[in-house]
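As a plain string of letters, each chain reads:
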Amino acid sequence: RILSLDAAQPFDYETHIKSQHQKSNSLKIALIGFGNFGQFLSKTFLTHHHTLLAHSRTDHSSLASSLGIRFYPDPNDLFEQHPDVVLLSTSILSTQQVLLSLPLQRLKRNTLFVDVLSVKEFPRNLLINNLPHEFDILCTHPMFGPESGKESWAGLPFVYDKVRILDEDDRVSRCEKFLDIFRNEGCRMVEMSCSEHDKYAAGSQFVTHTMGRVLERFGLESSPINTKGYERLLDLVENTRGDSFDLYYGLFMYNRNALEQLERLDLAFEEVKKELFGQLHRVYRKQLFGDTEEEKYFGQKLLGNGAP
């Protein structure tokens, strides 16, 4: 008698090859900071079949477990897993304190450190000055968040700077595998130095956050006759309202260009006010005195005599 168990079983070569390919391109990524932004990134990372480990000051073990992520309350235990990539997803204000508290001695000597902060010169200098020379450094800024990127990342800008990637095949390949997450999601990849990023970000991101917060304090509200322009302002308030003040303060404190932009905004607002009041003054004078040649001559005579 011949049983079915004795017969050759079919082998799904496509599934096997696909599984092998995913395994060869998989990274073990340790997320330091598992708040809103870390959770937002991790959900997409998982779709690319990367192994995720997480650590945070707040206990997010239940949420991490529900996503299939191993949560480590102690960073010593996390780093004993020897991740390929350590991703700093902390607030700007706490980054230095967190980095200096990490047990770097437990990591492999060729670990890749990546940050996703909204400023770039500050983490670049921090990582260069505090990491062993053998560690690779990739500074990045996904210029979107849980609100703007909740539907899709396609077309959204992703800025990166390969600060220190040693010239070895496996290191270069690892960096590209990480960047491929964002490439494959359709992000607009922008390679740019950290200093260039901060210059442009102060004129765009910081100004955007400032105007959103000003309009929120102003009390912008929807009305039955909203124009498209007004709707965009309401969207701006909604997008910036979800960000903490710590983030906004970090954009100001740790970007050397932010103060200049704030002063320019203040000057621009004053100029607009002066223009409005100047026009109002001319209208009132015309109503009071009329547009006579005598008035014009009187004004020219005062100016000609050098009167203040």
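Further up the page is the structure itself.
For clarity, every value in this text was computed on a predicted model and none was experimentally measured.

### A few points about the packing of helix α8 (residues 194-218) against helix α11 (residues 258-289)
Any two packed helices are characterised by how steeply their axes cross, that is the angle between the axes, and by the distance between the axes. Orientation of α8 relative to α11, taken along the N-to-C sense of each, is 55°, at an axis distance of 10 Å. When the axis of α8 is compared with that of α11, the two are oblique. Seen along the crossing, α8 lies across α11 with a hand that is right-handed. Mapping the contact onto sequence places Ala 202, Gly 203, Phe 206, Val 207, Thr 210 and Met 211 in α8 and Ala 258, Gln 261, Leu 262 and Leu 265 in α11.

### Considerations on a nonpolar patch on the surface
A contiguous nonpolar surface patch, about 590 Å² in accessible area, is contributed by Val 272, Leu 276, Phe 277, Leu 280, Val 283 and Tyr 284. Structurally, Tyr 284 is set in helix α11.

### Topic: the pattern of salt bridges
Applying the stated criterion to the full structure yields 15 salt bridges. Salt-bridge contacts for Asp 115 lead to Lys 120; the nearest nitrogen and oxygen are separated by 2.8 Å. Of the two residues examined, Asp 115 and Lys 120, each falls in the buried class.

### A word on the pairing of strand β5 (residues 112-115)
Where a strand is regular, its side chains alternate between the two sheet faces. Every second residue of β5 is oriented toward a common face, with Leu 112 and Val 114 on one face and Phe 113 and Asp 115 on the other, all of them buried. Note: strand β4 (residues 85-88) against β5, 4 bridges, orientation parallel. Note that in β5 the partner of Leu 88 across the bridge is Asp 115. Since β4 and β5 lie parallel, the crossover through helix α5 (residues 95-101) that links them has a hand, and here it is right-handed. Relative to strand β6 (residues 136-142), β5 runs parallel, the two sharing 4 bridges. Pairing of Phe 113 across the sheet is with Ile 137, part of β6.

Criteria and cut-off values
Residues numbered from 1 in each chain as written. Predicted model: local features only at pLDDT ≥ 70, side-chain atom pairs only at ≥ 80, totals over all residues. Heavy atoms only, no water. Axes fitted to C-alpha atoms, helices over the stretch in contact; angles between N-to-C directions. Helix = DSSP H or I, 4+ residues; strand = E, 2+ residues; numbered from the N terminus. Parallel < 35°, antiparallel > 145°, perpendicular 65-115°, else oblique. Left-handed = near helix turned anticlockwise from the far one by under 90°. Contact = heavy atoms within 4.5 Å. Patch = residues over 30% accessible without salt bridge, like charges linked within 9 Å, V, L, I, M, F, W, Y side chains within 5 Å. Areas by Shrake-Rupley, 256 points an atom, 1.4 Å probe, with all protein chains shown as cover. Salt bridge = Lys/Arg side-chain N within 4 Å of Asp/Glu carboxyl O. Buried < 20%, exposed > 50% of the residue type's maximum accessible area, 1.4 Å probe, protein only. Pairing = 2+ DSSP bridges. Right-handed = clockwise from strand over helix to strand, strands pointing away.

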